[in-house]
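Residues per chain, in single letters:
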Amino acid sequence: MIRRFSKLWGLCQGAALVAFFVPAHAVEKPEFYQDVYPFLKANCISCHNKTTAKAGLNMETPELMIQGGDSGPSIVPGKSAESLLVEASVHSPDIEMPPPNNKSGAVKLTDAEIVVLKTWIDQGAKAGVQAERQVTFKALAPGIDPIYSLALTKDGRHAVCGRGHRLFLYDLATRQLVAEITDPAVKGGGAHRAMVQSLAFSPDGTRLASGSFREVKLWKRETVSAAAPAVAAPKPADEALLKKIAETGKVAILNHQLSADGKVLVAGCADGSVRVWDVASAKSLAELRGSAAVVKDMAGHEWTVARETLEQAFQKADIAKIEAQNKALDELLKKAQEAIVAMQKVLPEKEKAVKPAQNEKATAQKAVDEVLAKIKAAPEGKADAALEKELKDAQEKLAPFTMKETSALAAVSATENNIKDAEAEVKRINESKAKNAAAITAANAAIDAAKKSQDAATAALTAAKATLTKPSTKPVAVALSADGQRAAAVFDDGRLTVWAVATGTAVEDLAGPAAPNATLAARQDGAFTATSPDGKTRVAGATVRWVLERTLGGEKEPQLFADRVNAVKFSPDGKLLATGGGEPSRSGDLTLFDAATGKATATWKDRHTDIVMSLDFSPDGKRLASGAADKIARVTEIASGKQVNLLEGHTHYVMGVAFRADGRVLASAGADGVVISWDMILGERKKKIEGWTKEVTSLQFIGATNQIVTSAGDNRVRIVNDEGGEVRSIAGLPDFMQAAASTANGATVVAGGEDSTLRIWNGTDGKELAAFAAK
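For every chain, the first residue of its written sequence is number 1, and the numbers climb from 1 along that sequence. pLDDT decides what is reported in this predicted model: residues at 70 or higher carry local features, side-chain atom pairs at 80 or more are listed and counted, and totals for whole chains, interfaces and linings draw on all residues regardless. The side-chain quantities take in all heavy atoms of the structure and omit both hydrogens and water.

### Some thoughts on the overall build of the chain
Point 1. In terms of regular secondary structure, the chain is built from nine helices and 41 strands.
Point 2. The globule rule puts the C-alpha radius of gyration for 775 residues at 28 Å, and the 40 Å found for the chain is more than 25% above it.
Point 3. Taking all 775 residues of the chain together, the buried fraction comes to 46%.
Point 4. A separation of at least 24 residues holds for 52% of the contacts in the chain among residues at least 6 apart in sequence.
Point 5. Every accessible area reported is derived by Shrake-Rupley at a probe size of 1.4 Å, with residue values counting cover from the shown protein chains alone. A total accessible area of about 37300 Å² is found for the chain, and carbon and sulfur atoms account for 54% of it.
Point 6. None of His or the chain ends enter the tally, which takes Lys and Arg as positive and Asp and Glu as negative. Charged side chains are reduced to one point each, which is NZ for Lys, CZ for Arg, CG for Asp and CD for Glu. Side-chain charges in the chain split into 97 positive and 94 negative, and the spacing between the mean points of these groups amounts to 4 Å. Secondary structure is summarised from DSSP: a helix means a run of H or I of at least four residues, a strand means a run of E of at least two, and numbering begins at the N terminus for each. We take the radius of gyration over the C-alpha atoms and set the globule estimate at 2.2 Å times the residue count to the 0.38 power. Only protein chains enter the calculation, and the probe is 1.4 Å; a residue is then buried if its accessible area is under 20% of its type maximum, exposed if over 50%, and partly exposed in between. Only heavy atoms matter for contacts: two residues are in contact if any of them lie within 4.5 Å across the pair.

### A look at the packing of aromatic side chains
Point 1. Side-chain rings of Phe, Tyr and Trp, where Trp is taken by its six-membered ring, are said to pair if the distance between their centres is within 6.5 Å; with planes under 30 degrees apart they count as stacked, over 60 as edge-to-face, and otherwise as tilted. Scanning all chains against the criterion turns up eight aromatic pairs.
Point 2. Geometrically, a charge over a ring is one whose NZ (Lys) or CZ (Arg) sits within 6 Å of the ring centre while staying within 35 degrees of the ring normal. Looking at Arg 163, its charged tip hangs above the ring of Phe 168, at a distance of 5.0 Å from the centre.
Point 3. Of note, Arg 495 hangs over the ring of Phe 491, and the distance from its end group to the ring centre comes to 4.2 Å.

### With respect to the nonpolar core
Point 1. Judged by nonpolar contacts, the single largest core of 20 residues is most densely connected at Val 36, Leu 40, Met 59, Met 65, Leu 117 and Trp 120.
Point 2. For this core, the elements supplying multiple residues, two or more each, are α2 (32–43), α4 (84–89) and α5 (111–122).
Point 3. When sequence neighbours within four positions are dropped, the list of residues in contact with Leu 40 reads Phe 32, Ile 45, Met 59, Met 65 and Leu 85.
Point 4. Membership of the second largest hydrophobic core comes to 16 residues, among which are Val 490, Ala 515, Ala 518 and Leu 520. Only buried Ala, Val, Leu, Ile, Met, Phe, Trp, Tyr and Cys residues count toward a nonpolar core, and they belong to the same one when joined by side-chain atoms within 4.5 Å.

### Quick look at the pairing of strand β24 (residues 588–594)
Sheet faces and side chains relate simply in a regular strand, where the side chains alternate between the two faces.
Point 1. Most of β24 sits out of view: six of its seven residues are buried.
Point 2. Both strand β23 (residues 576–581) and β24 contribute to a ladder of six bridges, which runs antiparallel. Along β24, the bridge assignment pairs Leu 577 with Phe 593.
Point 3. Between β23 and β24, which pair antiparallel in sequence order, lie six residues; one of them, Gly 582, sits at a positive phi of approximately 130°.
Point 4. Pairing between two strands requires that DSSP report at least two bridges joining them. The sheet contact formed by β24 and strand β25 (residues 600–608) spans five bridges and is antiparallel. Directly across from Leu 592, in β25, lies its bridge partner Ala 602.
Point 5. Here β24 hands over to β25 after five residues, with Gly 598 in that stretch at a positive phi of 80°.

### Focus: the packing of α2 against α5
Relative orientation and spacing of two packed helices are given, respectively, by the angle between their axes and the distance between those axes.
Point 1. Where α2 meets α5, the closest approach of the two axes is 10 Å, and the angle between their N-to-C directions is 130°. The angle between α2 and α5 places the two elements in the oblique class. Our pair here, α2 against α5, has a crossing hand that is left-handed. Seen from α2, the contacting residues are Phe 32, Asp 35, Val 36 and Phe 39; seen from α5, they are Glu 113, Val 116, Leu 117 and Trp 120.
Point 2. Residue composition of the contact of α2 with α5, by class: six nonpolar, no polar and two charged. The angle between two axes is taken between their N-to-C directions and runs from 0 to 180 degrees, where each axis is a line fitted to C-alpha atoms and a helix contributes only its stretch in contact. Roughly parallel covers angles under 35 degrees, roughly antiparallel covers those over 145, roughly perpendicular covers 65 to 115, and oblique covers all other angles. Handedness of a helix crossing follows the sense of rotation of the near helix relative to the far helix, less than a right angle counterclockwise being left-handed and clockwise being right-handed. Nonpolar residues are Ala, Val, Leu, Ile, Met, Phe, Trp, Tyr, Cys and Pro. Charged residues are Asp, Glu, Lys and Arg, and all others, Gly as well, are polar.

### So, the sheet that holds strand β6 (residues 176–181)
Point 1. The strand order across the open sheet built from four strands is β3-β4-β5-β6, with neighbouring strands paired in antiparallel fashion. If you trace the sheet from one side to the other, it starts and ends with β3 (147–152) and β6, each paired once. Averaged over all neighbouring strand pairs, the angle between strand axes comes to 25°, with direction disregarded.
Point 2. Pairing of strand β5 (residues 166–171) with β6 involves five bridges; the strand directions are antiparallel. Of the residues in β6, the one forming a bridge with Leu 167 is Ile 181.

### Overview of the confidence of the model for the chain
Point 1. For every residue, the predictor states its confidence as a pLDDT score lying anywhere from 0 to 100. On average, residues of the chain score 92 in pLDDT, and 96% of them are at 70 or above.
Point 2. Scored below 50 in pLDDT, residues 1–26 makes 67 contacts in the model with residues more than four places away or belonging to other chains.

### Describing the pattern of salt bridges
Point 1. Here, a salt bridge means any Lys or Arg side-chain nitrogen found within 4 Å of an Asp or Glu carboxyl oxygen. For the structure on display, the rule yields 39 salt bridges.
Point 2. A salt bridge links Asp 616 to Lys 569, with the nearest nitrogen and oxygen atoms 3.6 Å apart. Pair noted here: Asp 616 is in strand β26 (residues 612–617) and Lys 569 is in strand β22 (residues 567–570), with a separation of 47 residues, a long-range link.
Point 3. Given the relative accessible area of 10%, Asp 616 is considered buried.
Point 4. In this structure, Arg 634 and Asp 630 form a salt bridge, with 3.6 Å as the shortest nitrogen-oxygen distance.

### What to know about empty space enclosed by the protein
Point 1. We place a 1 Å grid over just the protein atoms. Points where a 1.4 Å probe fits but has no way out form a cavity, open points with protein on both sides within 12 Å along at least 5 of 7 lines form a pocket, and any residue with an atom within 4 Å of a point lines it. Grid points are joined across faces, edges and corners, and a volume is the space filled by probe spheres set on the points. This model, assessed by the stated rule, comprises one cavity of 30 Å³ or more.
Point 2. Looking at the largest cavity, its volume works out to about 70 Å³.
Point 3. The wall of the largest cavity is formed by 13 residues, among which Leu 560, Phe 561, Gly 581, Gly 582 and Asp 589 lie closest to the centre.
Point 4. Within the residue set of the lining of the largest cavity, elements represented by two or more residues are β23 and β24.

### Some remarks on the sheet that holds strand β10 (residues 253–258)
Point 1. As summarised here, the arrangement of the four strands in space is β10-β11-β12-β13, forming an open sheet in which the pairing is antiparallel. Each edge of the open sheet is held by one strand with a lone partner, namely β10 and β13 (283–288). Direction aside, the axes of adjacent strands within the sheet are offset by 25° on average.
Point 2. Sheet topology places strand β11 (residues 264–269) next to strand β12 (residues 274–278); five bridges connect them, and they run antiparallel.

### Points about the environment of Asp 155
Point 1. With respect to the helices, strands and loops of the structure, Asp 155 is situated in the loop between β3 and β4 (158–163).
Point 2. By relative accessible area, which is 62% here, Asp 155 ends up exposed.
Point 3. Taking the C-alpha atoms as reference, Asp 155 lies 28 Å from Thr 601; in sequence the two are 446 residues apart.
Point 4. As used in this structure description, the phrase polar contact means that two N or O atoms lie within 3.5 Å; if the pair is within protein, one of them must be able to donate a hydrogen and the other to accept it, and residues adjacent in sequence are counted only when both atoms belong to side chains. Only 2.7 Å separates the side chain of Asp 155 from the side chain of Thr 153, close enough to count as a polar contact.

### Notes on the state of the cysteines
Point 1. By convention in this document, the label disulfide applies to cysteine sulfur atom pairs within 2.5 Å. This model, assessed by the stated rule, comprises zero disulfides.
Point 2. For the unlinked cysteine Cys 47, the closest cysteine sulfur is that of Cys 44, found at 8.9 Å.
Point 3. Owing to a relative accessible area of 18%, Cys 47 belongs among the buried residues under this scheme.

### Here we look at helix α6 (residues 239–249)
Point 1. All of the buried residues along α6 are Leu 241, Leu 242, Ile 245 and Gly 249. Viewed end-on, α6 has its buried residues packed into an arc of 100°, placing them on one side of the element. In α6, those exposed residues whose orientation departs by more than 90 degrees from the buried face are Glu 239, Ala 240, Lys 243 and Glu 247.
Point 2. Taking the backbone nitrogen of Ala 240 as reference, a side-chain oxygen 3.2 Å away marks Asp 238 as the first, capping residue of α6. The arc refers to the directions leading from the helix axis to the C-beta atoms.

### Quick word on the packing of helix α7 (residues 292–352) against helix α8 (residues 354–377)
Point 1. Two elements in contact, α7 and α8, have axes separated by 4 Å at closest approach and are oriented at 15°. Here α7 lies roughly parallel to α8, going by the angle between them. Between α7 and α8, the contacting residues are Lys 350, Glu 351 and Lys 352 on the first element and Val 354, Lys 355 and Pro 356 on the second.
Point 2. In terms of residue class, the contact of α7 with α8 is built from two nonpolar, no polar and four charged.

### Remarks on the side chain of Gln 257
Point 1. Here Gln 257 is to be found in strand β10.
Point 2. Within the structure, Gln 257 has its side chain in polar contact with the backbone nitrogen of Leu 480 (distance 3.2 Å).
Point 3. Excluding residues within four positions of it along the chain, Gln 257 makes contact with Pro 234, Val 264, Leu 265, Val 266, Val 478, Ala 479, Leu 480 and Leu 520.

### Remarks on unusual backbone geometry
The bulk of non-glycine residues show a negative phi, and the bulk of peptide bonds are trans.
Point 1. In this structure, Asn 101 is a non-glycine residue whose phi angle is positive, near 60°.
Point 2. Among the secondary structure elements, Asn 101 is positioned in the loop between α4 and α5.
Point 3. Within the chain, Arg 175 stands out as a residue other than glycine whose phi angle is a positive 55°.
Point 4. Inspection of the secondary structure assignment puts Arg 175 in the loop between β5 and β6.

This is the structure in structure tokens:
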């Protein structure tokens with residue numbers, strides 16, 4: 001059972017209670033949707049609908065019933081006595097619907113319902129106006145706050161997760177809860193009125209999309225520029241403490257600042273580093289180096305190294321395939337050449353046999369011709385018994401010689417044809433080998449190019465790392481945030497850098513003119529103000545907030561989405577937002593929106609026959625993969641809207657889809673406990689990956705590698721490669737896991753599930769780094 005869609009069904013998917021408010025109507029003038037549709041839905045439509053149309057009959061609208069099925073129209077407007085539906089409903093001897101003991105639990109219509117049905121048909125079987133579906137949202141029950149979805153920014157800095165109808169943003173660098181993202185219009189607080197089903201950051205991290213029941217909200221990141229008072233300047237540390245720390249760390253301290261409580265000291269050191277110390281023990285808590293620019297450059301180089309590693313592996317595998325093909329071609333070529341030699345050897349003998357056979361036939365034919373001449377010269381040209389016997393004997397002698405000649409000629413022709421066929425085969429094989437040689441040359445060239453790019457990136461990465469250990473600048477002023485989670489420094493070249501103390505990650509830079517005498521102060525809002533001698537100031541680490549930019553669907557556009565929006569995804573360039581959903585068991589819909597304006601640019605209704613569960617854009621942004629409850633993954637070409645791939649292989653819902661960074665492989669996760677990697681060049685299955693005991697609820701390729709991080713219902717977060725090998729398994733988690741993601745370099749993995757806790761692990765060794773529980 002898929003817990004995401006069953007555990008809370010009784011709660012109408014977390015806060016969405018659906019009710020039909022139908023005013024009473026006189027039976028004398030029945031309305032279809034108000035008086036007829038309810039009992040048809042209860043007893044007929046379960047077997048006669050869009051998805052399951054038994055006997056070819058769909059009974060969801062009057063028009064479809066008039067259109068009918070295999071037995072013709074089910075209703076005849078104005079003539080209930082001639083309508084098959086009425087005949088079936090009264091259980092006539094010829095037709096009885098619904099049948100007794102059916103699996104749908106449908107029962108025979110009551111006499112009152114049959115009267116209403118007949119009256120409606122006799123009055124013309126008009127469709128009428130469908131009652132508006134009204135949705136009443138109620139508060140979630142206490143403790144109903146599972147994490148169904150989460151997302152990471154591309155730079156791996158922030159993670160967001162949905163708990164129930166609420167959104168929580170975390171800073172993975174400081175390992176802190178940053179904020180709860182809320183919509184003031186939601187009564188009682190929260191981001192949505194119903195459960196958060198899907199989340200996605202834009203590639204630049206400035207937008208966040210969250211999907212819920214019949215709506216998607218777009219949130220925009222804003223920097224709060226309001227001034228804030230500075231934290232009271234702490235007193236300087238005494239010389240004894242500074243000496244002790246310097247001796248312990250074997251480093252010269254250029255400048256320092258104590259925390260407000262005097263328990264922590266941040267120091268700018270002569271080796272270009274900024275260090276954080278525990279005052280009581282003189283123990284180093286963090287060594288801060290580099291800049292946000294260096295961190296970004298290193299991430300780019302790491303991506304390039306991984307991408308080119310993947311490219312080389314692909315090309316080498318392709319060469320191996322071609323070489324295996326060449327080996328098979330060589331065997332075929334050898335056989336073809338041997339066949340030519342053999343046929344050419346026997347051809348003269350077969351040609352030699354033709355002439356004698358022709359001569360023998362000619363002699364026998366001459367005898368027949370002589371008898372025919374005698375018959376022609378006989379009275380009235382008629383043969384007597386003797387001539388007839390002579391002719392018969394001559395013809396019987398001719399027959400074997402004719403056969404012998406035919407066989408001899410056929411043997412020559414067959415041998416010549418065999419030679420021609422073998423020569424054609426040799427030509428085809430050589431042409432194939434020539435193409436393969438060109439392909440191998442191209443592949444080797446691609447390998448060489450990838451290797452050069454990889455080597456350059458590796459060298460650049462090494463150089464970037466070297467700047468961390470041997471910086472060319474020195475800190476002239478340092479400061480520590482009031483909560484001790486961030487430190488900042490101004491360097492002699494004017495650069496202002498902010499770090500997260502918990503991880504040592506540089507998170508922000510501000511360039512500026514060289515200022516060897518600059519000062520730095522922490523503000524009460526967590527930002528830092530650098531002041532140059534001329535009084536000019538710069539602020540780094542300003543507070544960021546997420547505000548609602550717009551709502552797609554919702555109360556203003558209730559028909560935009562049929563039900564829950566189970567998947568949202570930004571295109572690689574951030575210009576498009578794709579959404580996936582549909583009506584359960586009836587449709588799977590895809591819609592593309594302009595991310596900047598919120599306008600729908602394309603809608604593909606019924607792309608699937610059941611709800612869409614997952615989406616991913618190809619790296620070039622030209623294709624959109626979708627996985628759905630119809631057990632199928634499909635790939636749509638965005639420009640044309642055409643389906644270019646239909647990938648069947650799962651036996652249950654397709655819960656996740658993800659393209660590899662090179663676009664050559666697509667991975668899909670199934671509620672059947674299987675991950676399948678698909679070769680997108682051939683459009684066929686590459687590998688069926690097993691090892692899960694329950695639903696695989698999400699998956700994502702890690703950066704530019706062939707590794708895939710997955711979450712599953714068997715209380716595990718598991719990393720595998722697209723060939724099926726297991727890289728790591730984080731097992732024994734407390735509950736069913738619904739979502740997982742990884743930073744591009746694989747250094748950090750995050751996941752969440754039914755226990756409402758967002759967990760963070762070291763991606764290289766599986767060690768848990770932090771766990772954020774619901775509050």
